[in-house]
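# Remarks on the overall topology
Chain residues, written in single-letter form:
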Amino acid sequence: MHHHPVPRPQPLPSSVAPRAELAPFLTPSLATVVSGARRRALRDGDRQIDTAHLLHSLIESDPEVGAAFGGGQQLARVLGYLAQRSIGYGLRWQRVEEESAARRLLPAARGAESPGTRTSPWSPAAAAALEGAFRRAAERGEPQARGVDLLVAVAADPESRAVEVLRRAGVDPAALTARVAAPGGEPSQQV
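Note that the coordinates shown come from a computational prediction; the quantities given were computed from them, not determined experimentally.

Quick notes on the rules
- Residues numbered from 1 in each chain as written.
- Predicted model: local features only at pLDDT ≥ 70, side-chain atom pairs only at ≥ 80, totals over all residues.
- Heavy atoms only, no water.
- Helix = DSSP H or I, 4+ residues; strand = E, 2+ residues; numbered from the N terminus.
- Buried < 20%, exposed > 50% of the residue type's maximum accessible area, 1.4 Å probe, protein only.
- Areas by Shrake-Rupley, 256 points an atom, 1.4 Å probe, with all protein chains shown as cover.
- Expected span 1.5 Å × (residues − 1).
- Axes fitted to C-alpha atoms, helices over the stretch in contact; angles between N-to-C directions.
- Parallel < 35°, antiparallel > 145°, perpendicular 65-115°, else oblique.
- Left-handed = near helix turned anticlockwise from the far one by under 90°.
- Contact = heavy atoms within 4.5 Å.
- Polar contact = N/O pair within 3.5 Å; in protein donor to acceptor, adjacent residues only side chain to side chain.
- Nonpolar A, V, L, I, M, F, W, Y, C, P; charged D, E, K, R; others polar.

## Overview of the overall build of the protein chain
- Scanning the protein chain from terminus to terminus reveals 10 helices and 0 strands.
- Residue burial in the protein chain is summarised as follows: out of 191 residues, 50% are buried.
- By element, 56% of the accessible surface of the protein chain is carried by carbon and sulfur atoms, the whole surface being about 9,600 Å².

Shown next, in the form of structure tokens:
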């Protein structure tokens, strides 16, 4: 049996901002999600794009992610928390940097806080989630990450804002991740 080496994902650029730098790593669908998260952060007056922005945009833009929730009730509760946040009610995190459980481990998170660099448009947790999505795609031998890759990476960080939203909405992040990773839980192609 011949094994192909798993391509190593490249670390995210420290700024992560320029679309041209991210484009090669994203499916068109995930590029739409990232743009949506960027617009949402700007509209909400947040200094950085965080995992809750990414989760909101994933749910709104990626049908594969919506299907991962398994039921309309769970999805509606998650969207309810996210909508409350975007209009200034409920969970509030403005002007506070989102931390990450992985911030000491992942180059993207370290790069986001390097002295002498401009402030990253991504929270350390969001940068770590993007890097995790790229790594997950590379482990499958795919050059681009999909929405479900980002969903799994976002749900894996117990300290992320997205996980806080999921838990408050009654969604178990580990069960959500298991549903996506189960055989048949992921379509073989991105549409």
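## With respect to helix H2 (residues 28-44)
- Under the 1.5 Å per step criterion, the end-to-end length of H2 is 24 Å for 17 residues, consistent within 8% with the ideal 24 Å.
- Listing the buried residues of H2 in full gives Ser29, Leu30, Val33, Val34, Ser35, Gly36, Ala37, Arg38, Arg40, Ala41 and Asp44.
- Count one or two residues on from H2 and you reach Gly45, which has phi positive near 80°.

## What about the packing of H2 against helix H3 (residues 51-61)?
- Taken N-terminus to C-terminus, the directions of H2 and H3 make an angle of 130°; their axes are 8 Å apart at the nearest point. Overall, the two elements H2 and H3 adopt an arrangement that is oblique. Of the two elements, H2 crosses H3, and the hand of that crossing is right-handed. Listed contacts from H3 to Leu30, Thr32, Val33, Gly36, Ala37, Arg40, Ala41 and Asp44 of H2 are His53, Leu54, His56, Ser57, Leu58, Glu60 and Ser61.

## Remarks on the side chain of Ser160
- Its place among the elements puts Ser160 in the loop between helix H8 (147-155) and helix H9 (161-168).
- Within the structure, the side chain of Ser160 is placed 3.1 Å from the backbone nitrogen of Val163, a separation counted as a polar contact.

## Describing the packing of H8 against helix H10 (residues 173-181)
- Between H8 and H10, the shortest axis-to-axis distance is 9 Å and the interhelical angle comes to 155°. As the angle between them shows, H8 and H10 are arranged roughly antiparallel. Handedness of the crossing formed by H8 with H10: left-handed. Across the interface between the two elements, Val148, Leu151, Val152 and Ala155 from H8 touch Pro173, Leu176, Thr177 and Val180 from H10.
- For the contact of H8 with H10, the residue count by class is 7 nonpolar, 1 polar and no charged.

The values are spatial; any link to function lies outside them.
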